[in-house]
Amino acid sequence: MERLIEMLVVLALLYAGYALSIKRWNYASQAELERRRTALKQAGLSNTFYFIRARTLFFLNILSGGTFVFYWIYHQWKAVLHGFKRLDGTSLRYGPLVRTIGGFFTFFTLINIINRTCEYMHKKPAWPAIWWGSWWLGGFVAIFLPISLTGRIFGFTMFCLAPAALQHRLNALPKTRLSLWPKPKEIIATAFGLVLLSGLFTIAHLIQK
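Below is a short write-up of the structure. Owing to the predicted nature of the structure, the values given are computational and were not obtained by experimental measurement.

Conventions we followed
- Residues numbered from 1 in each chain as written.
- Predicted model: local features only at pLDDT ≥ 70, side-chain atom pairs only at ≥ 80, totals over all residues.
- Heavy atoms only, no water.
- Helix = DSSP H or I, 4+ residues; strand = E, 2+ residues; numbered from the N terminus.
- Buried < 20%, exposed > 50% of the residue type's maximum accessible area, 1.4 Å probe, protein only.
- Contact = heavy atoms within 4.5 Å.
- Areas by Shrake-Rupley, 256 points an atom, 1.4 Å probe, with all protein chains shown as cover.
- Polar contact = N/O pair within 3.5 Å; in protein donor to acceptor, adjacent residues only side chain to side chain.
- Expected span 1.5 Å × (residues − 1).
- Core = buried A, V, L, I, M, F, W, Y, C linked by side-chain atoms within 4.5 Å.

The number of helices and strands found in the protein chain is nine helices and two strands. For the protein chain, the sequential pattern of α-helices and β-strands runs α-α-β-α-α-β-α-α-α-α-α. Within the protein chain, the fraction of its 209 residues that count as buried is 40%. Summarising the internal contacts of the protein chain: among those between residues at least 6 apart in sequence, 73% fall at separations of at least 24. Carbon and sulfur atoms make up 67% of the accessible area of the protein chain, which amounts to about 12500 Å² in all.

Let us now look at the side chain of Thr 56. Of note, Thr 56 is situated in helix α3 (residues 54-63). Residue classification places Thr 56 among the buried residues on the basis of a relative accessible area of 6%. A distance of 2.7 Å separates the side chain of Thr 56 from the backbone oxygen of Leu 180, its partner in a polar contact. Discounting residues that sit within four places of it in the chain, Thr 56 has contacts with Ser 179, Leu 180 and Pro 182.

This part covers helix α7 (residues 129-144). For α7, which comprises 16 residues, the first-to-last C-alpha distance of 23 Å matches the rise-based estimate of 22 Å (1.5 Å per residue) to within 8%. Every buried residue of α7 is listed here: Ala 129, Trp 131, Trp 132, Gly 133, Trp 135, Trp 136, Gly 139 and Ala 142.

This brings us to the nonpolar core. One finds Phe 68, Trp 72, Phe 107, Trp 132 and Leu 166 to be the most contacted residues of the largest nonpolar core, which totals 35 residues. When residues of this core are traced back to their parent elements, those giving at least two are α3, α4 (68-83), α6 (103-120), α7 and α8 (149-170). Leave out the neighbours within four places in its chain, and Trp 72 touches Tyr 50, Ile 52, Leu 57, Phe 107, Leu 110, Pro 163, Leu 166 and Gln 167.

Attention shifts here to unusual backbone geometry. Although it is not a glycine, Tyr 94 adopts a positive phi angle of roughly 75 degrees. Here the phi dihedral of His 122 falls at roughly 65 degrees; this positive angle occurs in a residue that is not glycine. Mapped onto the elements of the fold, His 122 is located in the loop between α6 and α7. Since its relative accessible area comes to 60%, His 122 is described here as exposed.

In structure tokens:
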């Protein structure tokens, strides 16, 4: 219980930092706004993303034991790399598969691109990469820590919630309404991830005997 309280305190501090930084962005003049928009284009934006209902994404992650997030990361990078643009014309290195394999690192870059694009399109961005990325990684680590079951469940929830929160911001960009029901490929990916995870746990259990 003490560890859970400590985690909640850390999350509260992260939110306080967010509230005092990105949440308070404003522009005093048109010139300042244009400078900011130019900086966003220099850093790089994308005009294509992978869209799915945020709640659907969250529940598919839960049902797959957290493995669906890597399917989501792959398709986000596949879409982002297709529509990524920078003022100097340079593209991002490595393809979606490599970026998915290194997802625990590229997740931060993905958040930054999503937030820059949302800000450029005058939509509310998600929390900064350092906050959502830390929640996501912290949640993953908490699953394997020798803590209470409540703490592990909380960590797993945060691991599944962070991508859904980012998707919620992305879904404000298009004008089309997204279906609540997952696509057949998403259902297959969820089932495959759950079977794979179950197999790994079974192998690990047999090795320990």
